[in-house]
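Results of the structural survey
Read off the chains here:
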Amino acid sequence: MVNRVLWVIMLVVGLTAPFYAYPVFVMDLLCFALFACAFNLLLGYVGLLSFGHAAFFGGAAYIAGYVIKAWGFPPLLGIAAGALFAMVLGAVFGFLAIRRQGIYFAMITLALAQIIYFMILQLPFTGGENGLQGIPRGKLLGFIDLNQPLAMYYFVFAVFLFGFCVIYRTINSPFGEVLQAIRENESRALSLGYDVDKFKLQAFVISATLAGLAGATKAVVFQFAALTTAHWQTSGEVILMTLVGGLGTVFGPVIGAITVGSLSHELSAFGSWVQVILGAIFVVCVLVFRRGIIGELHRFFGGR
Amino acid sequence: MSMQVILAQALLGLNVGVFYAMLSLGLAVIFGLLNIINFAHGAMYMLGAFVALIGYSLLDDWFGISLQIGFWASLIVAPLFVGILGMIIERTMLKRLYELDHIYGLLLTFGITLILQGLFSNYFNISGTPYPGQPESLSGVVNLSFMYFPTYRLFAIVFSIVVCFATWFVIEHTRLGSRLRAGVENPTLTQAFGLNVPLMITLTFGFGCALAGLAGVLAAPIYSVSPLMGADLIIVVFAVVVIGGMGSIMGAILTGLALGLVEGITKVVYPPAASTVIFFLMVLVLLFRPAGLFGKER
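Presented here is a report on the structure given in the accompanying data block.

About the criteria used
Residues numbered from 1 in each chain as written. Chains lettered and ligands numbered in written order. Predicted model: local features only at pLDDT ≥ 70, side-chain atom pairs only at ≥ 80, totals over all residues. Heavy atoms only, no water. Helix = DSSP H or I, 4+ residues; strand = E, 2+ residues; numbered from the N terminus. Rg over C-alpha atoms; globule rule 2.2 N^0.38 Å. Buried < 20%, exposed > 50% of the residue type's maximum accessible area, 1.4 Å probe, protein only. Contact = heavy atoms within 4.5 Å. Buried area = accessible area lost by both parts, 1.4 Å probe. Polar contact = N/O pair within 3.5 Å; in protein donor to acceptor, adjacent residues only side chain to side chain. Phe/Tyr/Trp six-rings, centres within 6.5 Å; stacked < 30°, edge-to-face > 60°. Lys NZ or Arg CZ within 6 Å of the ring centre and 35° of its normal. Arc of directions from axis to C-beta. Salt bridge = Lys/Arg side-chain N within 4 Å of Asp/Glu carboxyl O. Expected span 1.5 Å × (residues − 1). Disulfide = S-S within 2.5 Å.

To continue, consider the overall build of chain A. In terms of helices and strands, chain A carries 13 helices and four strands. Compactness check: chain A gives a C-alpha radius of gyration of 18 Å against a globular reference of 19 Å for 304 residues, within 12% of the reference. Along the first, second and third principal axes, the C-alpha atoms of chain A reach 50 × 40 × 40 Å. Taken over 304 residues, chain A has a buried fraction of 58%. Residue pairs in contact within chain A that sit at least 24 positions apart in sequence constitute 78% of those at least 6 positions apart.

Each partner contributes residues to the interface: chain B has 45 residues there, and chain A has 36 residues. Both faces considered, chain B and chain A share a buried interface measuring about 3900 Å² in area, 79% of it formed by carbon and sulfur atoms. Taken together, chain B and chain A are joined by seven residue pairs in polar contact (both at pLDDT 80 or more). Every element with two or more residues in the side of chain B that touches chain A is listed here: helix H5 (103–123), helix H10 (229–244) and helix H12 (277–288) of chain B.

Below, the discussion takes up the packing of aromatic side chains. This model, assessed by the stated rule, comprises 41 aromatic pairs over all chains. A ring pair is formed by Phe-56 of chain A and Phe-93 of chain A, whose centres lie 5.3 Å apart and whose planes are at 55°; its orientation type is tilted. Of the two residues, Phe-56 of chain A is situated in helix H3 (residues 53–70) and Phe-93 of chain A in helix H4 (residues 75–97); the sequence distance between them amounts to 37 residues. The class of Phe-56 of chain A is buried, set by a relative accessible area of 0%. Members of the aromatic cluster, joined through ring pairs, are Trp-7, Tyr-153, Tyr-154, Phe-157, Phe-160, Phe-164, Tyr-168 and Phe-251 of chain A. The ring of Tyr-104 of chain A has Arg-100 of chain A lying over it, and the distance from NZ or CZ to the ring centre is 3.8 Å. Residue placement shows Arg-290 of chain A over the ring face of Tyr-104 of chain B; its charged tip is 5.8 Å from the ring centre.

Residue and element names in this part refer to chain B. Mapped onto the elements of the fold, Gly-83 is located in helix H4 (residues 71–92). Under the relative-accessibility criterion, Gly-83 is labelled buried at 5%. Measuring from C-alpha to C-alpha, the distance between Gly-83 and Val-5 comes to 39 Å, with 78 residues separating the pair along the chain.

Now for unusual backbone geometry. The phi dihedral of Gln-223 of chain A is positive, around 55°, even though this residue is not glycine. By the element assignment, Gln-223 of chain A lies in the loop between helix H9 (196–222) and strand S4 (224–225). Taking relative accessible area as the criterion, Gln-223 of chain A reaches 30% and is therefore assigned partly exposed. We note that Asn-35 of chain B has phi near 60°; this positive angle belongs to a residue other than glycine. Relative to the helices and strands, Asn-35 of chain B is located in the loop between helix H1 (3–34) and helix H2 (41–57). By relative accessible area, which is 34% here, Asn-35 of chain B ends up partly exposed.

On to the environment of Thr-276 of chain B, then. Assignment of secondary structure puts Thr-276 of chain B in the loop between helix H11 (249–269) and H12. In this structure Thr-276 of chain B comes out as buried when scored by relative accessible area, which is 7%. As for Thr-276 of chain B and Ile-235 of chain B, which are separated by 41 residues in sequence, their C-alpha atoms are 11 Å apart. Discounting chain neighbours no more than four positions away, the residues touching Thr-276 of chain B are Ile-115 and Phe-118 of chain A.

Right, let's talk about the side chain of Thr-229 of chain A for a bit. Relative to the assigned elements, Thr-229 of chain A resides in the loop between S4 and helix H10 (232–245). In this structure the side chain of Thr-229 of chain A is engaged in a polar contact, spanning 2.5 Å, whose partner is the backbone oxygen of Ala-226 of chain A.

This part takes up helix H7 (residues 175–185) of chain B. Residues spaced three or four apart along an α-helix face the same direction, because each turn holds 3.6 residues. Residue and element names in this part refer to chain B. Within H7 the residues assigned to the buried category are Gly-177, Leu-180 and Gly-183. Take H7 and look down its axis: the buried residues cluster within an arc of 115°, on one side only. Residues of H7 that are exposed and angled more than 90 degrees away from the buried face: Arg-175 and Glu-185.

A separate point is the pattern of salt bridges. One pass over the structure, following the stated rule, counts six salt bridges over all chains. The salt bridge involving Glu-184 of chain A is made with Arg-183 of chain A; its shortest N-O contact spans 3.0 Å. Classification of Glu-184 of chain A as exposed rests on a relative accessible area of 58%. A residue is classified by how much of its surface remains accessible, and Arg-183 of chain A, at 28% relative accessible area, is partly exposed. With a closest N to O distance of 3.9 Å, Glu-90 of chain B and Arg-91 of chain B form a salt bridge. The class for Arg-91 of chain B is partly exposed, based on a relative accessible area of 40%. Beyond isolated ion pairs, a larger network of salt bridges with shared partners links Arg-291, Glu-296 and Arg-299 of chain A.

This brings us to H1 of chain B. Residues and elements named next belong to chain B. Between its first and last C-alpha, H1 extends 44 Å over 32 residues, near the 46 Å set by a 1.5 Å rise per residue. Taken across its 32 residues, H1 has 24 buried, putting it largely inside the fold. Count one or two residues on from H1 and you reach Asn-35, which has phi positive near 60°.

Moving on: the state of the cysteines. Residues and elements named next belong to chain A. Overall, the coordinates contain zero disulfides over all chains when judged by the stated rule. The thiol of Cys-31 is not disulfide-bonded; the next cysteine sulfur, from Cys-37, is found 12 Å away. With no disulfide partner, Cys-37 has as its closest neighbouring cysteine sulfur the one in Cys-165, 11 Å distant. Residue Cys-37 is classed as buried on the basis of its relative accessible area of 3%.

Here it is, written out as structure tokens:
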């Protein structure tokens, strides 16, 4: 019931947002929302805390930006290239990280992501600390000019919806049921004959790919791939978004991304205090608000 | 490339290694009893350095207290301050999370890291403030026959190694340590024998944080004191911990020292890889010995 209402709200708000909100800001939120949903697929549905998702988000942004700018790829192909890169990277990270569990998993993904961060900082084509600038938006399918704000907006919304539906479908499939079984009781799932590691790896790759899709899209929107998108703080931010919105809920990460994104935007004048406030929200969420906004709604109205 | 250059870099690397060792030791001690990874460990290290800096040069400006805490006093005051803060955090917040999945402990301490980092970023330059309080007696250089090495750095290496091994000795070879190990092995039974396990947990967490604070004070005269100094370090220390495995105290110390050496030598052999070599070693360890060099398979 709650989910049905939220579907309608999301579609209506998503379709009408550019008429009453600043489109670039909404597009930024949409990219982060997709990023958070992808992250939530892992933490919320498999119970794996990845602290390195910025590598997929940021890495894909750079790859997409580079192939569009230097090789003249059209936007759609460029974004696909970014997502493909994230997919391969996700397979490698996942393969390494699922060898350890729990807290180690988080530390390993964080350390692996740091390799990508340093590579971006040092490789010649990335522009180092300045980021990769001047990525052209280009023409979608050869005839839709993405320099028009509305065209760009609806393209981003379409990408978001695509990613969101993939995740929704994944969660509500037999595959998703197994993932949740692993989250609830890994040894039990194993003893029932499920190849737990294979399921974990597949979920990791899907999550990484979609995080990459979000990052690549963001690079096209801003015509810029920033070093900060690959920094561990971005990994932290996406965790916060998911936590605030509601871990393991379909719409939680979207709401979380909007909440945290708007908050950071509103508070941007306060400089470093933003970090203090985000940190405080983190602490409060972990201590007393672990269900998150949507989680509390579900509890209030029933169902999930 | 001459042997001398490599030796010199190795010694500088060892200097970094002692910080890795002290931090991973603290993480391992905390992990043993509390089963959480303290993300704020890097922030505690940063805090230690800032306590030294503020104590030395800003007490008068900020608080109107005409008192100067010198370097030697900081070696006591800063760890004490950081340790007490750690204990307050454990008592008021972490304590509520023990029943839950361990990742919540990591997330909570991550939030605390953001708060501390943000607070100090408001008042201090991110690029760092030099610590002016290095004692006169430790300035200058020592002739080590193959090179001249800064006296202070040599002091930092020796001092940290002594602290690490003293910690190891206390945990492995004293009555206090045996109680602690009993608490790690089986908290419920230890409690039943009349030991106050919750108090042990609080003190252990405080001690781990104090170690990080002490490392921060030792680092202050070498690196400039900056709000972000702990953030980048802690991620490397995580990799150190994954490589070593958190099963043993000695393992944490040795892995930290060894990886500092490796990093130092990489700086001469192939400089661009210096910042990532530890992460790549972590990948190798995960491939061939997933439980870590000193870890036990669970």
